[in-house]
Amino acid sequence: MNCESARPLFPEYWEGSIDEADRLILQAHFDKCAGCRSEAEELRSIWTGLAGMSPEAPSDQMRIRFYDRLDSYRQGLAERPQRRSWFEWIRLPAPAFGLALALLGVGFAVGYGIDFRKDNTQLSQLRSEVSNMRQLVALSLMQQQNATDRLQGVNWTYRVERSDTEVLGALLNTINHDESVNVRLAAIDAMRKFGDSPIARRGLAQAIFKQDSPLVQISLIDQLVELRDSQARSALDTLVGQAAVNPEVRQRAQWALSKLQ
Amino acid sequence: MLASADNEVMAEVRDGEVRKLAVLFERHHKPLFNFFSHMTGDRALSEDLVQDVFFRMLRYRHTFDPAHPFTAWMYRIARNAQTDLARKRRPEVSMDHSFADDAPPLEPVSSRPGVDEELGRAQETKMLRLALDRLPPDKREILILSRFQDLKYDEIAGILGCEIGAVKVRVYRATKALGELYFQLAGAKAV
């Protein structure tokens, strides 16, 4: 190995990711070449020093701008078929086109006569857009690989509408499958909002049997008690009767049965 | 694992699930911002560029091929966005211009007696930051991609359109150039 072929291996050598065969060859070169050896060590300090630079973080506004723009984009896509239909009117047979124009005229007259309703409609539309944005943020964060981000996603679910079945489904999925116990526990707490939903209650009861963590199982049981879900009794009965279940969990299930008379 | 891979998500966006771009945004907006911020030194511009990248991904979603890594495609778009924006803002300026050419010179740490160890490290990091800012853009870029963006060499090769061996050579040369600038600033003997 000469110096020219040794140098491209320096970064992997610094990172410790160099494969064993290359490391041995490089080491043999260092034993013979003091120049490369000293250069590698000197530049190693530069390489490691770069890791000391804190990552830059964007402002909170960036996320808001993104979701706002995405929402507009999606609305634009949704409106496209309607826009095409306006051009299609020109091709309508004359009587149909005439009727369409007449209806349009009536529509304008009605619209100008009740202007005061415009503001309420716009406000309602704005509320809907904000609601969509919150839902999208919650769902997107809950799909991230980083547990902290998924936790943040669960926190966003507190801001969505109670009737949001998509978010409810995502929370149940998180409870059943998330690899982080903390995220699962947070999702259980967030389910309180959806406590009126039979899907939510059934989902919580079924989730107990899918858990490997006794802590999560106890939290699920507590949530069912909090929701006063007497339908959960049969699931709790089954749990008490399973010898393989953690004794503390069975004890908690027994307590829950006494509460849900 | 709960999270779908980037390629799967982007394939869904390509096929009409536009809202799923948000999943990719949540995953990648911070590293992308970091990339632009290190490249340009301008926070506001970096935020604009991040937005631009995601909406270019939407506009050109039909060009995404799930057989190739999503990150390589994303960074290619990012580099194009930066080039396009730079041309639009200052068309008279050569692309080789280093934005830090006007940065004030930093007093070498060796002329400040009594600096304790922690302050010394902070000062070294600051000098390294200045040195990075003064590198030519192509050298700065390869260091940012390899050191800050958590990308493997084959991914960087895909982004830059070159061989893996060439990436390794360029990383070495960029580190050497950075070292030379740093040691000049530090007042010590250059490599």
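Residues numbered from 1 in each chain as written. Chains lettered and ligands numbered in written order. Predicted model: local features only at pLDDT ≥ 70, side-chain atom pairs only at ≥ 80, totals over all residues. Heavy atoms only, no water.

1. Some thoughts on the overall build of chain A
Step number 1: On a plain count of helices and strands, chain A comes out with 14 helices and zero strands.
Step number 2: Order of helices (α) and strands (β) in chain A, N terminus to C terminus: α-α-α-α-α-α-α-α-α-α-α-α-α-α.
Step number 3: Looking at the 261 residues of chain A, the share that counts as buried comes to 38%.
Step number 4: By sequence separation, contacts in chain A at least 24 residues apart represent 61% of the contacts at least 6 residues apart.
Step number 5: As displayed, chain A has an accessible area near 15300 Å², and 52% of this comes from carbon and sulfur atoms. (Helix = DSSP H or I, 4+ residues; strand = E, 2+ residues; numbered from the N terminus. Buried < 20%, exposed > 50% of the residue type's maximum accessible area, 1.4 Å probe, protein only. Contact = heavy atoms within 4.5 Å. Areas by Shrake-Rupley, 256 points an atom, 1.4 Å probe, with all protein chains shown as cover.)

2. Comments concerning a nonpolar patch on the surface
Step number 1: Where nonpolar side chains cluster on the molecular surface, the patch consists of A:Leu123, A:Leu126 and A:Val130 and spans about 240 Å² of accessible area.
Step number 2: Residue A:Leu123 is classed as partly exposed on the basis of its relative accessible area, which comes to 41%. (Patch = residues over 30% accessible without salt bridge, like charges linked within 9 Å, V, L, I, M, F, W, Y side chains within 5 Å. Salt bridge = Lys/Arg side-chain N within 4 Å of Asp/Glu carboxyl O.)

3. Things to note about the state of the cysteines
Residues and elements named next belong to chain A.
Step number 1: By the definition in use, this model includes zero disulfides over all chains.
Step number 2: Considering cysteine sulfurs only, Cys36 is the nearest to Cys3, which forms no disulfide, with 3.6 Å between them.
Step number 3: Looking at Cys3, the relative accessible area reads 27%, which means it is partly exposed.
Step number 4: Counting only cysteine sulfurs, Cys3 is the nearest neighbor of Cys33, a cysteine outside any disulfide, at a range of 3.7 Å. (Disulfide = S-S within 2.5 Å.)

4. Description of the interface of chain B and chain A
Step number 1: Taken residue by residue, the interface counts 49 residues in chain B and 51 residues in chain A.
Step number 2: Of the roughly 4700 Å² buried where chain B meets chain A, counting both sides, 63% is carbon and sulfur surface.
Step number 3: Linking chain B with chain A are five salt bridges.
Step number 4: A salt bridge links B:Lys176 to A:Glu39, with the nearest nitrogen and oxygen atoms 3.1 Å apart. (Buried area = accessible area lost by both parts, 1.4 Å probe.)

5. Notes on the side chain of A:Ser180
All names here are of chain A.
Step number 1: With respect to the element layout, Ser180 can be found in the loop between α9 (165-177) and α10 (181-190).
Step number 2: For Ser180, the side chain forms a polar contact with the main-chain nitrogen of Asn182, separated by 3.3 Å.
Step number 3: There is a polar contact of 3.2 Å between the side chain of Ser180 and the backbone nitrogen of Val183.
Step number 4: Apart from the residues within four sequence positions on either side, Ser180 is in contact with Ala147 and Arg150. (Polar contact = N/O pair within 3.5 Å; in protein donor to acceptor, adjacent residues only side chain to side chain.)

6. Digging into the layout of surface pockets
Step number 1: Here the largest pocket is characterised by a volume of approximately 940 Å³.
Step number 2: Elements represented by at least two residues in the lining of the largest pocket include exactly α5 (60-90), α7 (117-141) and α8 (147-156) of chain A together with α1 (6-14), α2 (21-40) and α4 (70-89) of chain B.
Step number 3: No other element matches α2(B), which puts seven residues into the lining of the largest pocket.
Step number 4: Considering only residue class, the lining of the largest pocket consists of 14 nonpolar, eleven polar and eleven charged. (1 Å grid on protein atoms, 1.4 Å probe; cavity = no way out; pocket = protein on both sides within 12 Å on 5 of 7 lines; lining within 4 Å. Points joined across faces, edges and corners; volume = space filled by probe spheres on them. Nonpolar A, V, L, I, M, F, W, Y, C, P; charged D, E, K, R; others polar.)

7. Examining the packing of aromatic side chains
Step number 1: This model, assessed by the stated rule, comprises 18 aromatic pairs over all chains.
Step number 2: With centroids separated by 5.8 Å and ring planes inclined at 50°, the aromatic side chains of A:Phe10 and A:Phe30 adopt a geometry described as tilted. Of this pair, A:Phe10 sits in helix α2 (residues 10-15) while A:Phe30 sits in helix α3 (residues 20-32); the two residues are 20 residues apart in sequence, bridging distant segments of the chain.
Step number 3: Assessed through its relative accessible area of 0%, A:Phe10 is described here as buried.
Step number 4: Ring plane angle 65° and centroid distance 5.3 Å describe the contact between B:Phe25 and B:Phe54, whose orientation is recorded as edge-to-face. Highlighted residues: B:Phe25 in helix α2 and B:Phe54 in helix α3 (residues 43-59), separated in sequence by 29 residues.
Step number 5: Look at B:Phe25 and you get buried, because its relative accessible area is 0%.
Step number 6: Within the aromatic cluster, the residues linked to one another by ring pairs are A:Phe10, A:Tyr13, A:Trp14, A:Phe30, A:Trp47 and B:Tyr172.
Step number 7: The ring of A:Tyr13 is capped by A:Arg44, whose NZ or CZ atom sits 4.9 Å from the centre of that ring. (Phe/Tyr/Trp six-rings, centres within 6.5 Å; stacked < 30°, edge-to-face > 60°. Lys NZ or Arg CZ within 6 Å of the ring centre and 35° of its normal.)

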